[in-house]
Amino acid sequence: MTVSSTLIRSARLVPVGRPTPTDLPVDIRIDDGTVTEIAAGLRPRGAETVIDADGRWAIPGLWDQHAHLTWWAQSRSKLDVSGTSSPGDVLRIVADHVASLPHPWRSGAIVGYGFRTATWPEQPTAAMLDTVSGSHPVILASGDGHTGWLNTKALALLGVPLRDGPLLESEWFDLQHHVSALTAASENIDDLLRATIADAASKGVVGVVDFEMAAGYLEWPERFARGIDQIRIRPVTYPDRLDDVLAAGLRTGSELADGRGLLTMGPLKIFSDGSLNTRTAFCCEPYTDTEHHTLGHQAYDHQSLVELLSRGHRGGMDIALHAIGDAAVDQALSAFEATGARGGIEHVQLIRHDDIRRMRELGVRASVQPAHLVDDREVARQCWSDRTDRCFALRSMLRGGVTLALGSDAPVAPLDPRIAMAAAVDRGADATTEPWNPDEALTPAQALSASTDGQTTVAVGSRGDVVLLDDNPIASGTPTQMGARLRALGVAATVVRGRPVHLAQ
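Reading the values: rules and limits
- Residues numbered from 1 in each chain as written.
- Predicted model: local features only at pLDDT ≥ 70, side-chain atom pairs only at ≥ 80, totals over all residues.
- Heavy atoms only, no water.
- Helix = DSSP H or I, 4+ residues; strand = E, 2+ residues; numbered from the N terminus.
- Rg over C-alpha atoms; globule rule 2.2 N^0.38 Å.
- Buried < 20%, exposed > 50% of the residue type's maximum accessible area, 1.4 Å probe, protein only.
- Contact = heavy atoms within 4.5 Å.
- Areas by Shrake-Rupley, 256 points an atom, 1.4 Å probe, with all protein chains shown as cover.
- Lys, Arg positive; Asp, Glu negative; His and termini not counted.
- Charge placed at Lys NZ, Arg CZ, Asp CG, Glu CD.
- Axes fitted to C-alpha atoms, helices over the stretch in contact; angles between N-to-C directions.
- Parallel < 35°, antiparallel > 145°, perpendicular 65-115°, else oblique.
- Left-handed = near helix turned anticlockwise from the far one by under 90°.
- Nonpolar A, V, L, I, M, F, W, Y, C, P; charged D, E, K, R; others polar.
- Expected span 1.5 Å × (residues − 1).
- Arc of directions from axis to C-beta.
- Polar contact = N/O pair within 3.5 Å; in protein donor to acceptor, adjacent residues only side chain to side chain.
- Core = buried A, V, L, I, M, F, W, Y, C linked by side-chain atoms within 4.5 Å.
- Pairing = 2+ DSSP bridges.
- Right-handed = clockwise from strand over helix to strand, strands pointing away.

Trainee: Sorry, what's going on with the overall build of the protein here?
Mentor: Summing up its helical and strand segments, the protein has 17 helices and 21 strands in all. For a compact globule of 505 residues, the expected C-alpha radius of gyration is about 23 Å, and the protein comes in at 23 Å, within 12% of that figure. Considering only C-alpha atoms, the protein reaches an extent of 70 × 55 × 55 Å along its principal axes. Taking all 505 residues of the protein together, 57% fall into the buried category. The contacts of the protein with a sequence gap of at least 6 include a subset with a gap of at least 24, amounting to 73%. For the protein, the exposed surface amounts to about 19600 Å²; the carbon and sulfur share of it is 50%. Positive and negative charge centroids in the protein, built from 46 and 63 side chains respectively, lie 5 Å apart.

So, in structure tokens, the structure goes:
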């Protein structure tokens, strides 16, 4: 990738995080990856790339602060079992797929994605899958990524002791490398990633924090060398690779080899609880739909979590601490307080109001995924019926002084910041659905500000990451109208470090 000068002509600046004096069209010049001039009537220079905005709206580039890029790329080619309401629905999809396969079929396991069991009348078993899968190993991942439903042949193939119920949390996460290896022979991961990143750029994405469980700090420099270098990437690391990352001299924010300013080390990701769909999010009160009065799953006791955060903090790593239930959020904040670690809490789907104050005082940000509102509304009503007013408390956190950062958790939700922003604004409403907890809605300006990685209105000195939109993303209207506008935003151009990586035809 070479960085050259780019001139964007006749763009209107969207005020992000701070007002601008006028919305009259201006020209934007980007040199060596940084905005160097903003004025009307700038003249093109030599071989400078020129993009005519024709009065379109310019914003800093959009970020997805929490996505699993390889998993998202692969899931788009997997058997889709989302939208199912019972094991029987999934079994019919698998049976039809098996019947459609050529014989003999030698492409390894059948891998699918997307089921959600929390509202099912019965839970899935290996024996159920065995009845429809014939001789094929079948591996299905839940929509939230915390559950694996495998048939008997798949369990044997992966070396898992035979069992009838699904695999949950760490026992499922520990298999991800092996599952990927099973499918790699029939997929070209580079081609999938190229298509995925091109698609993301067409939606205005200039950067992704990649939460893939692989050694991203090693894999992404290799991918950049193969030309997969269109957007900024921050790969995270997990505790099992922390020592290797530190031994390599890396810290959060370190530039990775051959990243050309686009590839930097991300935070240390730690799971402290599970998910709502699997009833493993760690809560202060029992789930309301189970006889067993479960509080969910606590991955670490307080001392173990403190030791892990301390290890990362001493090594210069920011912390991305997964906490969905309110007890997990409380435990996370106690660990941040005890260690002085920097970073944020991922998801924060359920929070006690006093913990919002603690987040502000500790400077801990909330990395949230508003599109989960759509998937988790009915599950929350069933499992957390006595506390849904504290779910996705986005406005309360922002009003309480907590910094918000929006993401998708793709493939749990699509990698598309427009969808995340829209859900934050209309709270999952559409023509037939009422908004969920509308008092917790963000304004379009607030949602946009939480989607640009801390970048405010495009100005001299800004990163050379600029997106041109066909409509004003913060125009007023009803929440439903504003949400619909955000989802439908046309992206005319995406520029990363001065390089056009998407130009609409």
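Trainee: What is the right way to read the packing of helix α11 (residues 326-339) against helix α12 (residues 353-362) from this model?
Mentor: Helix packing for two helices is described by the angle between their axes and how far apart those axes are. It is at 10 Å that the axes of α11 and α12 come closest, and there the two elements cross at 30 degrees. Considered as vectors, α11 and α12 are oriented roughly parallel to each other. In this structure, α11 crosses over α12, and the sense of that crossing is left-handed. Residues Asp326, Val329, Asp330, Leu333, Ser334, Phe336 and Glu337 of α11 form the contact with α12, whose participating residues are Asp355, Arg358, Met359 and Leu362. Classifying every residue of the contact of α11 with α12 gives five nonpolar, one polar and five charged.

Trainee: What's the story with helix α7 (residues 189-202) in this structure? I'm lost.
Mentor: Residues spaced three or four apart along an α-helix point in a common direction, a consequence of the helix completing one turn every 3.6 residues. Between its first and last C-alpha atoms α7 spans 20 Å; for 14 residues at 1.5 Å apiece the expected length is 20 Å, and the two agree. Of all the positions in α7, only Ile189, Asp190, Leu193, Thr196, Ile197, Ala200 and Ala201 are classed as buried. Each buried residue of α7 lies within a common arc of 135 degrees when the element is viewed along its axis, so the set occupies one face. At its buried positions, α7 is contacted by α1 (69-75), β12 (205-210), α8 (216-225), β20 (491-496) and β21 (499-503). Structurally, the start of α7 carries an N-cap: the backbone nitrogen of Asp190 is 3.1 Å from a side-chain oxygen of Asn188. Backbone geometry just downstream of α7 places Gly204 in the positive-phi region, at approximately 90 degrees.

Trainee: Is there a simple way to explain the nonpolar core in this structure?
Mentor: Grouped together as the largest cluster of nonpolar side chains are 107 residues, with contacts concentrated most on Ile139, Trp172, Leu309, Ile345, Met359, Met397 and Leu415. Contacts of Leu309, omitting those with residues within four sequence positions, involve Ile270, Ile319, Leu321, Ala335, Phe336, Thr339 and Ala341.

Trainee: Would you mind showing me how to read the sheet that holds strand β13 (residues 232-235) here?
Mentor: Working definition: the strands of a sheet are paired by backbone hydrogen bonds and lie parallel or antiparallel to each other. A sheet is described by the order of its strands in space; here three strands give the open sequence β6-β12-β13, paired in parallel fashion. Each edge of the open sheet carries a strand with a single partner, namely β6 (62-67) and β13. Taken over all neighbouring pairs, the strand axes of this sheet differ in orientation by 15 degrees on average, direction set aside. Relative to β13, β12 runs parallel, the two sharing four bridges. Across the sheet, residue Val208 finds its bridge partner in β13, namely Ile233.

Trainee: Which parts of the structure should I look at to understand the side chain of His372?
Mentor: With respect to the helices and strands, the residue His372 is situated in helix α13 (residues 372-383). Contact partners of His372, with chain neighbours within four places excluded, come to Gln349, Phe392, Ser408, Asp409, Val412 and Ala413.

Trainee: Whenever I open this one, α8 confuses me. Can you help?
Mentor: Every buried residue of α8 is accounted for by Gly216, Tyr217, Trp220, Pro221, Arg223 and Phe224. Taken end-on, α8 shows its buried residues confined to a sector of 160 degrees, consistent with a single buried face. Buried positions along α8 lie against α1, α7, β12, β13 and α9 (242-247).

Trainee: Please clarify how the pairing of strand β8 (residues 110-115) should be interpreted in this entry.
Mentor: It is a general feature of regular strands that their side chains alternate between the two faces of the sheet. For β8, the buried fraction is high: six of the six residues fall into the buried class. Bridging between strand β7 (residues 79-80) and β8 involves two bridges; their strand directions are parallel. Note on β8: the bridge partner recorded for Asp80 is Tyr113. Strand direction decides the pairing type here: β8 and strand β9 (residues 138-142), joined by five bridges, are parallel. Counterpart to Gly112 in the pairing with β9 is Leu140. For the crossover from β8 across helix α3 (residues 126-133) to β9, the handedness is right-handed.

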